[in-house]
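# Structural features, examined
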Amino acid sequence: MSYYIRDALAAPNVLSTRRPTINEYFLSSYTLSIYSGCEFGCPYCDGWVYDPRSFSQQIRVPLDLPQRLAIELNQVDRGDLIAITALSDPYQPAEQSFRIMRQVLQHFADRGQPCLIMTKSPAILEDISLLQRINEQSLAIVMTTLITLDHNLAERLEGRAPPPTLRLDMLTALQRAGIPVGVAVVPVIPYVNDTDYAMRRLLQACAERKVDFVVWDYLYVPDRYHRNRVSEMLAQIGSYPSSYYRDIYGDQIVVNADYRAERNLQFLKRCDMLGLNVHAPHRLYMGKLAPRNEAALVLKHTGFRSLLSGQQRVSLLHRELADQIYTGTVTTEQIQSSPLAATLQGILG
Ligand code: SF4
């Protein structure tokens with residue numbers, strides 16, 4: 001049972017500062033959180049790290065957020081995308097009572113601000129006309145997280161959130177309304193949802209629904225409290241050896257590089273076989289973001305593929321150039337020396 005605390009926003013700003021590097025998963029330059037805490041309370045969620053005691057029980061409702069956002073938006077370039085993806089679902093049940101998210105979308109729609117929203121809740125469909133208004137002017141993308149299609153496993157891993165099939169139906173409804181959609185397979189939990197069978201089933205479902213793109217990332221275990229919480233979650237699922245973390249995480253907060261490299265490759269191959277885009281395809285954001293953002297994303301997404309095909313040096317060059325373009329510190333010579341020079345010049349003009 002969750003309870004709500006109506007409050008003024010505690011942070012000095014509604015939006016994050018502009019990111020020093022564009023987020024290649026979410027195409028974003030800024031991050032925005034609506035509520036603090038999340039009633040869905042998925043045990044793997046990073047949100048627990050910031051609020052370990054009351055993350056899913058005590059939901060802070062920042063009543064002044066929309067008004068303050070409206071003021072801050074005046075300082076934001078309309079070619080920069082704002083992502084609402086972090087640590088709290090914007091369409092958790094609180095939204096039915098407070099409609100903070102709806103007011104935020106109204107501000108975005110009034111100025112055509114590009115945005116990307118991550119939610120597990122079909123309640124977003126109630127705001128579909130606002131999303132369409134934004135998307136007609138610039139870009140509104142909706143993503144959902146999907147980590148398994150196994151009903152029993154989903155019950156144990158994220159039983160308070162709407163079930164995976166409802167999320168897929170939500171994506172289909174959004175697509176029918178012309179809204180681009182993506183799936184985040186996050187987190188990939190080693191030996192839980194990362195088997196070839198589970199991955200194939202999940203990606204096959206994404207392909208059948210014709211989602212525009214997928215991304216993935218791995219379980220993050222930043223401290224011992226989160227490790228204990230994840231251990232409890234694992235105990236609900238099956239019996240895992242006591243060496244589970246030592247073998248695959250060691251003393252790191254992310255799973256080891258060998259594991260990641262191997263799984264990344266498998267994901268990529270499977271997506272290619274199914275014709276699924278890995279990361280948002282260029283056609284989706286072409287001409288809809290600031291040219292420097294568009295060029296930086298093309299470079300980063302190309303760099304990701306280069307990395308997985310063993311071209312570390314090329315990948316690094318793409319990523320460095322992406323950051324220089326994004327921050328406006330690039331020279332004409334640097335652009336001309338890129339293998340993607342023609343594409344970049346086409347975007348940057
Ligand atoms: S729905 Fe998202 S934000 Fe909410 S607890 Fe689950 S993973 Fe975290």
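Model, not experiment: these values are computed from the prediction.

Take the domain arrangement of the protein next. Structurally, the protein comprises domain 1 (3–289) and domain 2 (290–349). Relative to domain 2, the C-alpha centre of domain 1 lies at a distance of 26 Å. Going through the elements one at a time, helix H11 (257–274) and helix H12 (282–285) are the ones with two or more residues in the side of domain 1 that touches domain 2. By residue number, the principal contributor to the side of domain 1 that touches domain 2 is H11, which donates three residues. For the side of domain 1 that touches domain 2, a count of residues per class yields seven nonpolar, six polar and three charged.

Before going further, it helps to spend a moment on the sheet that holds strand S8 (residues 213–218). Reading across from one edge, S2-S4-S5-S6-S7-S8 is the order of the six strands in this open sheet, with parallel pairing throughout. Strands with a single pairing partner mark the edges of an open sheet, and in this sheet they are strand S2 (30–31) and S8. As paired strands, S2 and strand S4 (residues 82–84) are joined by two bridges and run parallel to one another. Each residue of the ladder has a partner; that of Tyr-30, found in S4, is Ile-82.

Take the site of the ligand next. The ligand sits among Cys-38, Phe-40, Gly-41, Cys-42, Cys-45, Gly-47, Leu-87, Ser-88, Asp-89, Lys-120, Glu-158 and Ala-161. Its residues assigned to classes, the shell around the ligand shows six nonpolar, three polar and three charged.

The residue Ser-306 is located in helix H13 (residues 291–308) in this model. In this structure Ser-306 comes out as partly exposed when scored by C-beta crowding, with 19 C-beta atoms within 10 Å. Sequence separation between Ser-306 and His-318 is 12 residues; the distance between their C-alpha atoms is 9.0 Å. Leave out the neighbours within four places in its chain, and Ser-306 touches Gln-311, Val-314, Ser-315 and His-318.

We now examine the packing of H13 against helix H14 (residues 312–326). Following both chains from N to C, one finds H13 and H14 inclined at 165°, their axes separated by 8 Å at the closest point. The angle between the axes of H13 and H14 places the two elements in the roughly antiparallel class. Our pair here, H13 against H14, has a crossing hand that is left-handed. Here Arg-292, Asn-293, Ala-295, Ala-296, Leu-299, Lys-300, Thr-302, Gly-303, Ser-306 and Leu-307 of H13 come into contact with H14, specifically with Gln-312, Val-314, Ser-315, His-318, Arg-319, Leu-321, Ala-322, Ile-325 and Tyr-326. Its residues assigned to classes, the contact of H13 with H14 comprises nine nonpolar, seven polar and three charged.

So, on to H13. For H13, spanning 18 residues, the distance from its first C-alpha to its last is 26 Å, which sits close to the expected 26 Å at 1.5 Å a residue. Of all the positions in H13, only Arg-292, Asn-293, Glu-294, Ala-295, Ala-296, Leu-297, Val-298, Leu-299, Lys-300, His-301, Thr-302 and Gly-303 are classed as buried. Where H13 is buried, its residues meet H12, H14 and helix H16 (341–348).

Phi is mostly negative for residues that are not glycine, and the peptide bonds are mostly trans. Cis geometry marks the peptide bond from Val-186 to Pro-187, where omega comes out at 0°. Mapped onto the fold, Pro-187 is located in strand S7 (residues 181–188). Backbone geometry at Leu-27 places phi at a positive 60°, although glycine is not the residue there. Looking at the secondary structure, you find Leu-27 in the loop between strand S1 (3–7) and S2. Taking the number of C-beta atoms within 10 Å as the measure of exposure, Leu-27 has 28 and is therefore buried. For Tyr-191, which is not glycine, the phi dihedral falls at a positive 70°. The exposure class assigned to Tyr-191 is partly exposed, which follows from the 14 C-beta atoms found within 10 Å.

Here is what the cut-offs are and how they apply
- Residues numbered from 1 in each chain as written.
- Predicted model: local features only at pLDDT ≥ 70, side-chain atom pairs only at ≥ 80, totals over all residues.
- Domains from an automatic or database assignment.
- Helix = DSSP H or I, 4+ residues; strand = E, 2+ residues; numbered from the N terminus.
- Nonpolar A, V, L, I, M, F, W, Y, C, P; charged D, E, K, R; others polar.
- Pairing = 2+ DSSP bridges.
- Near = placed C-beta within 6 Å.
- Buried ≥ 20, exposed ≤ 12 C-beta atoms within 10 Å, placed from the backbone.
- Contact = placed C-beta atoms within 7 Å.
- Axes fitted to C-alpha atoms, helices over the stretch in contact; angles between N-to-C directions.
- Parallel < 35°, antiparallel > 145°, perpendicular 65-115°, else oblique.
- Left-handed = near helix turned anticlockwise from the far one by under 90°.
- Expected span 1.5 Å × (residues − 1).

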